Amino acid sequence: MVFRSRIKWIALLVLILSVGSLLVHLSITKSSSVQLASYARGTLWQDFDSLLGAQDFRNKHLWRPVKSLESLQPYANPRNSYPAPSSTNNGFIYAKIFGGFDKIRSSICDLVTISRLLNATLIIPELQESLRSKGISNKFKSFSYLYDEEQFISFLKNDVIVAKALPESLKAARKRNEFPLFKPKNSASTKFYLEEVLPKLKKANVIGLVVSDGGCLQSTLPASMPELQRLRCRVAFHALQLRSEIQVLGKKMVDRLRRSGQPFLAYHPGLVRDKLAYHGCAELFQDLHSELIQYRRAQMIKQKFISEELIVDSHLRRDNGLCPLMPEEVGILLKALGYSQKAIIYLAGSEMFGGQRVLIPLRAMFPHLVDRTSLCSTEELSELVGPETPLPESTYKMPHRKSDKQLKEEWNKAGPRPRPLPPPPDRPIYQHEKEGWYGWLTENDTEPTPSLMDFRNQAHRLLWDALDFVVSVESDVFLPGFNNDGSGLPDFSSLVMGQRLYERPSSRTYRLDRKVIQELFNITREDMYHPNRNWTVRVREHLNSSLGESGIIRQSMFSKPRLFLSHPLPECSCRTSPLEDSRQIRSDDGRFLYGGEDECPKWMKSAGVEKSKTDDGDQPDYEHDLLTEQSETDEEFAKSKVASAFDQDEEWDPNDK
């Protein structure tokens, strides 16, 4: 008995020692793993900071205005004798405008300018994307779907007579197509209108214009017509006011972005299918999206819109700056500049070709990436659209599937051997693959005719672009993904940049050179997430220089000749303090590239001084607000950011494209 009791005590002791040993080993393992993880995270954070120069949003210089441009002020008033329009003029001009938000805005400015040139009455233009036949709400007419008609008419009363419709006596003749109709290009000169259009206007009393190229008058006018250029500015920046519902909702979006006291950056990717097809950027995408771009490019070649080969080297086009910056590349640039992971970025643009997939890398780097759907409720967007007749959710019917007999016949008629091996046995095509705007690719070679729902969505895009326009113009920083693409057509980013340059010239607007940026990316493309310090410095130098004189000169050289509204200097601005002659730069043809603005009137100078004093006192100190809001130390802040980076890495691999 005694022997057995001793064995029990020994067994109990061994068990206790084993449990104790196990607990000690577990504690040692846990301590080692924590230290290892802490070391790894700290090292990674230091490397990322030292290489990309990442700094948090407390760096006020990333948001403050550009001092060298603070002397510029908006001033589009007539300078010389400018007679008011007479009711006894040469006749009426009516117009139909095709295209999206950017084309509409540019075209309306040209139409008003032409009406002034020809001394004619302009009928409110018809926006084909927002006609009631396209399924929009009966609450709106064509023009009033986007803009305030009364404001447009009243503001231009000293420039052009604008009427809502043709006189009743002329409407029937228009329906019978009795009046001359012109389809001018966006490069049409003033000589074309004075010599070819004006005589027919005087004879018929009415002419029609069909505008589909985003404009109907050349951007650069003769030096003797500066008042016509200023008229363009008055139309774009004053007369064309979005309807009140759009302005109110856009202001709410801006207020919600600034609610936390932080500044925000607006970014427009410019990933539009037509633009990508025009420049041959299909290889930058994969699978389905690449095929969709090539299909659209083939259509453009067939329509003789472009005269190039169907298949081109997209990477070479990208290196020449002819393709947009991808969101991933934009994220790397913002990190190199020093923008924090907590920076608020507003994503503008009603069309995002490639979908949310192309945004995954950017969203991983900047989690606070928002758009209109993040800031507005469904009810707010529905109220903006107005009451519409319900449509079936899916109006597209897939074509009948080919029978096995038809497939065999096509195979036998395929031509002499050697032929490629027959495809593997078909797998079933599921319903979710057939639905959606690209579903036709699974079983058909031709794109289906747009449905009523497609037309309605096109009209809705006008409203979404209008909201994005309001937010982008008001943003603290704006970065374009694809402006001045060389096609000669207006684009959203260029219009935003022109509006900001007119209203707030000193606001931070990056006017980067995509060719230079791609040259820099080619240096480190194999390891974009770990660039060296010299690369970061070169990126910062280019982007920071694009904010001021260098970027202004480049815009004047390459963007203004294609779209005046993208760079309304020097015609539509003045300077509170004159620029030195040595700093003024002219082109070979004598046109001002930098400088050349008139001196501001005295009343504007005094008002500008008072405003600057007020702004200095009322301007929110983002640095102070954010410092007080953040209570953690720099070390804790770094650790939290590294932890979030590790959490994101579990869901996203930067090499997974």
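The name an unreviewed UniProt entry gives the protein is O-fucosyltransferase family protein, with Raphanus sativus as the organism. Among the UniProt annotations of the protein, the heading Subcellular location (unreviewed entry) holds the following wording: "Membrane". Note on the protein: under the UniProt heading Pathway (unreviewed entry), the record states "Glycan metabolism."

With respect to topology, five strands assemble into an open sheet ordered β10-β9-β8-β11-β12, the strand pairing being parallel. Sheet topology places β10 (369-370) and β12 (508-509) at the edges, where each strand pairs with a single neighbour.

As a further point, take the sheet that holds strand β16 (residues 598-599). Taken together, three strands build an open sheet; the order of strands is β1-β13-β16 and the sheet is mixed. One side of each edge strand has no neighbouring strand; the edge strands of this open sheet are β1 (72-74) and β16. With three bridges joining them, β1 and strand β13 (residues 573-575) adopt antiparallel strand pairing. Following the sheet pairing, L72 is matched in β13 by R575.

Core analysis: the biggest nonpolar cluster contains 86 residues, and I108, L146 and F152 have the highest contact counts within it. Of all the elements, helix α17 (residues 452-474) adds the most residues to this core, at ten residues. Discounting chain neighbours no more than four positions away, the residues touching L146 are F101, I104, L127, L242, R243, I246, L462, L463 and A466. Core analysis: the next-biggest nonpolar cluster, separate from the first, contains 59 residues, V66, L284, F521 and I553 among them.

Before going further, it helps to spend a moment on empty space enclosed by the protein. Over the atoms rolls a probe the size of a water molecule, and in doing so it shows where empty space is left. Overall, the coordinates contain two cavities of 30 Å³ or more when judged by the stated rule. For the largest cavity, the calculated volume is near 60 Å³. Taken together, N484, D485, G486, S487, G488, L489, P490, D491, S494, S559, R562 and L563 form the lining of the largest cavity. A breakdown of the residues in the lining of the largest cavity according to their chemical character gives three nonpolar, six polar and three charged.

Overall, the coordinates contain 25 salt bridges when judged by the stated rule. The salt bridge involving R234 is made with D159; its shortest N-O contact spans 2.8 Å. Note that R234 is positioned in helix α6 (residues 226-239) and D159 in the loop between α3 (149-155) and β5 (162-163), a separation of 75 residues in sequence. Since its relative accessible area comes to 6%, R234 is described here as buried.

It is worth spelling out the packing of helix α7 (residues 244-257) against helix α14 (residues 378-385) at this point. Contact geometry of α7 with α14 gives a least axis separation of 10 Å together with a crossing angle of 155°. Relative to α14, the element α7 is oriented roughly antiparallel. As for the relative orientation of α7 and α14, their crossing is left-handed in sense. Here E245, I246, L249, K252 and R256 of α7 lie close against α14, whose contacting residues are E380, L381 and L384. Looking at the contact of α7 with α14 residue by residue, the classes come out as four nonpolar, no polar and four charged.

Counted at 1.5 Å a residue, the expected span for helix α20 (residues 533-545) with its 13 residues is 18 Å, and the 18 Å between its end C-alpha atoms agrees. Looking only at α20, the buried set comprises W535, T536, V539, R540, H542 and L543. Down the axis of α20, the buried side of the element spans an arc of 170°, and every buried residue falls inside it. Of the exposed residues in α20, the ones pointing more than 90 degrees away from its buried face are N534 and E541. Its side-chain oxygen 3.2 Å from the backbone nitrogen of N534, N532 forms the N-cap of α20.

So, about the packing of α14 against α17. Any two packed helices are characterised by how steeply their axes cross, that is the angle between the axes, and by the distance between the axes. Contact geometry of α14 with α17 gives a least axis separation of 10 Å together with a crossing angle of 115°. At the point where α14 passes α17, the crossing takes the right-handed sense. Facing L381, L384 and V385 of α14, the residues of α17 in contact are H460, L463, W464 and L467. Here the contact of α14 with α17 is composed, by residue class, of six nonpolar, one polar and no charged.

Moving on, we get to unusual backbone geometry. Omega for the peptide link from L569 to P570 comes to 0°, which places this bond in the cis form. Tracing the chain through its elements places P570 in the loop between α21 (549-558) and β13. One non-glycine residue, K304, lies in the positive phi region at around 60°. On the basis of relative accessibility, which here comes to 74%, the residue K304 falls in the exposed class.

Moving on, we come to the pairing of strand β11 (residues 477-480). Burial of the side chains of β11 extends over both faces: V477 and L479 are buried on one face and F478 and P480 on the other. Bridge analysis of strand β8 (residues 264-268) against β11 gives four bridges, and the strand direction is parallel. Along β11, the bridge assignment pairs A266 with F478. Pairing analysis gives two bridges linking β11 to β12, with the strands arranged parallel. Directly across from V477, in β12, lies its bridge partner R508. In this view, the connection linking β11 to its parallel neighbour β12 by way of helix α18 (residues 492-503) has right-handed handedness.

Looking at the element boundaries, T389 is found in the loop between α14 and α15 (404-412). On a C-alpha basis, the gap between T389 and I136 in space is 8.3 Å, while along the polypeptide they are 253 residues apart.

Tallying each qualifying case throughout the model produces 13 aromatic pairs. Consider the rings of W63 and Y339, whose centres lie 5.2 Å apart with planes at 85°: the pair is edge-to-face. Of this pair, W63 sits in the loop between α1 (2-52) and β1 while Y339 sits in the loop between α11 (327-337) and β9 (344-347), placing them 276 residues apart in sequence. Accessibility classification places W63 together with Y339 in one group, the buried group. Taking the centre distance of 4.4 Å and the plane angle of 20° together, the rings of F237 and Y502 count as stacked. With F237 in helix α6 and Y502 in helix α18, this pair connects stretches of sequence that are 265 residues apart. Neither F237 nor Y502 differs from the other in exposure class; each is buried. Counting every residue linked through ring pairs, the aromatic cluster contains F101, F469 and F492. Between R174 and the ring centre of Y94, over which it is positioned, the NZ or CZ distance is 3.9 Å. In this structure, R575 packs its charged tip against the face of Y594, placed 5.6 Å from the ring centre.

How each quantity is defined
Residues numbered from 1 in each chain as written. Predicted model: local features only at pLDDT ≥ 70, side-chain atom pairs only at ≥ 80, totals over all residues. Heavy atoms only, no water. UniProt positions renumbered as here; feature names shortened; annotations may be inferred. Pairing = 2+ DSSP bridges. Helix = DSSP H or I, 4+ residues; strand = E, 2+ residues; numbered from the N terminus. Core = buried A, V, L, I, M, F, W, Y, C linked by side-chain atoms within 4.5 Å. Buried < 20%, exposed > 50% of the residue type's maximum accessible area, 1.4 Å probe, protein only. Contact = heavy atoms within 4.5 Å. 1 Å grid on protein atoms, 1.4 Å probe; cavity = no way out; pocket = protein on both sides within 12 Å on 5 of 7 lines; lining within 4 Å. Points joined across faces, edges and corners; volume = space filled by probe spheres on them. Nonpolar A, V, L, I, M, F, W, Y, C, P; charged D, E, K, R; others polar. Salt bridge = Lys/Arg side-chain N within 4 Å of Asp/Glu carboxyl O. Axes fitted to C-alpha atoms, helices over the stretch in contact; angles between N-to-C directions. Parallel < 35°, antiparallel > 145°, perpendicular 65-115°, else oblique. Left-handed = near helix turned anticlockwise from the far one by under 90°. Expected span 1.5 Å × (residues − 1). Arc of directions from axis to C-beta. Polar contact = N/O pair within 3.5 Å; in protein donor to acceptor, adjacent residues only side chain to side chain. Right-handed = clockwise from strand over helix to strand, strands pointing away. Phe/Tyr/Trp six-rings, centres within 6.5 Å; stacked < 30°, edge-to-face > 60°. Lys NZ or Arg CZ within 6 Å of the ring centre and 35° of its normal.

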